[in-house]
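A closer look at the structure
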Amino acid sequence: MNSMRLFAAVLLLIGMGITGISSVRAELVEGRDYTVLTQPQPTDSGKNIEVLEFFWYGCPHCYALHPHISAWLKRIPKDVSFRYVPAIFRINWTPGAKTFYALEALGARDRLHDKVYDAIHIGKIDLTKDEVLFDWVAKQGIDRQKFIDAYNSFSVQNQQVPQSVRMSKEYQLTGVPALVVDGKYLTSGRMGGTPEDVIKILDELIEKVRKEKTKK
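Described below are features of the structure shown in this document. Please read these numbers as outputs of a predicted model, since none were measured by experiment.

Calculation notes
Residues numbered from 1 in each chain as written. Predicted model: local features only at pLDDT ≥ 70, side-chain atom pairs only at ≥ 80, totals over all residues. Heavy atoms only, no water. Buried < 20%, exposed > 50% of the residue type's maximum accessible area, 1.4 Å probe, protein only. Helix = DSSP H or I, 4+ residues; strand = E, 2+ residues; numbered from the N terminus. Pairing = 2+ DSSP bridges. Core = buried A, V, L, I, M, F, W, Y, C linked by side-chain atoms within 4.5 Å. Contact = heavy atoms within 4.5 Å. Expected span 1.5 Å × (residues − 1). Phe/Tyr/Trp six-rings, centres within 6.5 Å; stacked < 30°, edge-to-face > 60°. Axes fitted to C-alpha atoms, helices over the stretch in contact; angles between N-to-C directions. Parallel < 35°, antiparallel > 145°, perpendicular 65-115°, else oblique. Left-handed = near helix turned anticlockwise from the far one by under 90°. Nonpolar A, V, L, I, M, F, W, Y, C, P; charged D, E, K, R; others polar. Salt bridge = Lys/Arg side-chain N within 4 Å of Asp/Glu carboxyl O.

Neither face of strand β4 (residues 178–181) is left uncovered, since the one carrying Ala178 and Val180 and the one carrying Leu179 and Val181 both have all their residues buried. Bridge analysis of strand β2 (residues 49–55) against β4 gives four bridges, and the strand direction is antiparallel. Its bridge partner lying in β4, Glu53 is registered against Leu179. The turn joining β4 and strand β5 (residues 185–188), which pair antiparallel and follow one another in sequence, is formed by three residues; a positive phi near 55 degrees is taken by Asp182.

Have a look at this one:
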């Protein structure tokens, strides 16, 4: 009986050791988990820590990460501000950026952001074609002409789209999704591994910035 109890105790200790080991995560490693921008960018978040997500609606990796970003936003720290930025690397990414900015201008971004992703990746709808996009938007309850006017507006075409192109270069993006913390630290889906890993790295980068700010 004593030998059985001893054996059980050993198994328990081994189990506790394994659990402890699995719960420990290696510290952030520059070059593996994130990169530091050679030219840090100014932020618009005041005292808050700024997080930008660069995305493209047509990107499957952005689509995979998006639910995790949405869940993270429900618990976003009070000292953090978040902003979506549609990236533009190629000309065929422009319609997605214009769609985002037009929906934002009409106050419909929060309601339709997820649906745009779903339409492209589940519905296989080509929203890069104007007439297909305009018809789809109308079916979502948005006034067709108002959307067209916003989509083709001066501010979208001559201010916000060029800004997306410029920011994609200034933030040294090589792909999407990409998360930039406080205009300095960049992590991406490829660096982070799984979407869950990306969120863990995001939280750790925020904590890194928070500690840096307290030292100043």
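Here we come to the nonpolar core. Grouped together as the largest cluster of nonpolar side chains are 60 residues, with contacts concentrated most on Val51, Phe54, Phe147 and Val181. It is helix α9 (residues 195–215) that provides the largest number of residues to this core, a total of seven residues. Filtering out sequence-adjacent residues up to four positions away, Val51 remains in contact with Trp72, Val80, Ser81, Phe82, Arg83, Leu179, Val180, Val181, Leu202 and Ile206.

What follows covers helix α3 (residues 94–105). Taking 1.5 Å as the rise per residue, α3 with 12 residues should run 16 Å; its terminal C-alpha atoms sit 16 Å apart, in good agreement. Among the 12 residues in α3, 10 count as buried, and that is most of the element. Of the residues making up α3, those classed as buried are Thr94, Pro95, Gly96, Ala97, Lys98, Thr99, Phe100, Tyr101, Ala102 and Leu103. The inward-facing, buried residues of α3 contact β2, β3 (80–86), α4 (109–121), α5 (130–139), α6 (144–151) and α7 (154–170). Of the residues flanking the end of α3, it is Gly107, one or two places downstream, whose phi is positive at about 70 degrees.

What the rule picks out here adds up to 17 aromatic pairs. Aromatic pair Tyr63 and Tyr117: ring centres 5.7 Å apart, planes at 40 degrees, arrangement tilted. With Tyr63 in helix α2 (residues 60–73) and Tyr117 in helix α4, this residue pair connects regions lying 54 residues apart in the sequence. Judged by centre distance (6.0 Å) and plane angle (65 degrees), the rings of Phe134 and Phe147 are edge-to-face. Within this pair, whereas Phe134 is found in helix α5, its partner Phe147 is found in helix α6, the two being separated by 13 residues in sequence. Residue Phe147 is classed as buried on the basis of its relative accessible area, which comes to 0%.

Before going further, it helps to examine the packing of α2 against α9. Between α2 and α9, the shortest axis-to-axis distance is 9 Å and the interhelical angle comes to 45 degrees. If you check the angle between α2 and α9, you find them oblique. In this structure, α2 meets α9 at a crossing whose hand is right-handed. Residue-level inspection shows Ala64, Leu65, His68, Ile69 and Trp72 of α2 in contact with α9, the latter providing Pro195, Glu196, Val198, Ile199, Leu202, Asp203 and Ile206. Looking at the contact of α2 with α9 residue by residue, the class counts come to nine nonpolar, one polar and two charged.

As for its position among the elements, Gln140 is in the loop between α5 and α6. Gln140 gets classed as buried once you look at its relative accessible area, which sits at 19%. Among all residues touching Gln140, those that are not within four sequence positions of it are Arg111, Leu112 and Lys115.

Another point: the pattern of salt bridges. The tally for this structure, following the rule as stated, stands at 12 salt bridges. Asp110 is paired through a salt bridge with Arg109; the nearest N and O atoms lie 2.8 Å apart. Three or more residues joined by partner-sharing salt bridges are found here, namely Asp79, Glu207 and Arg210.

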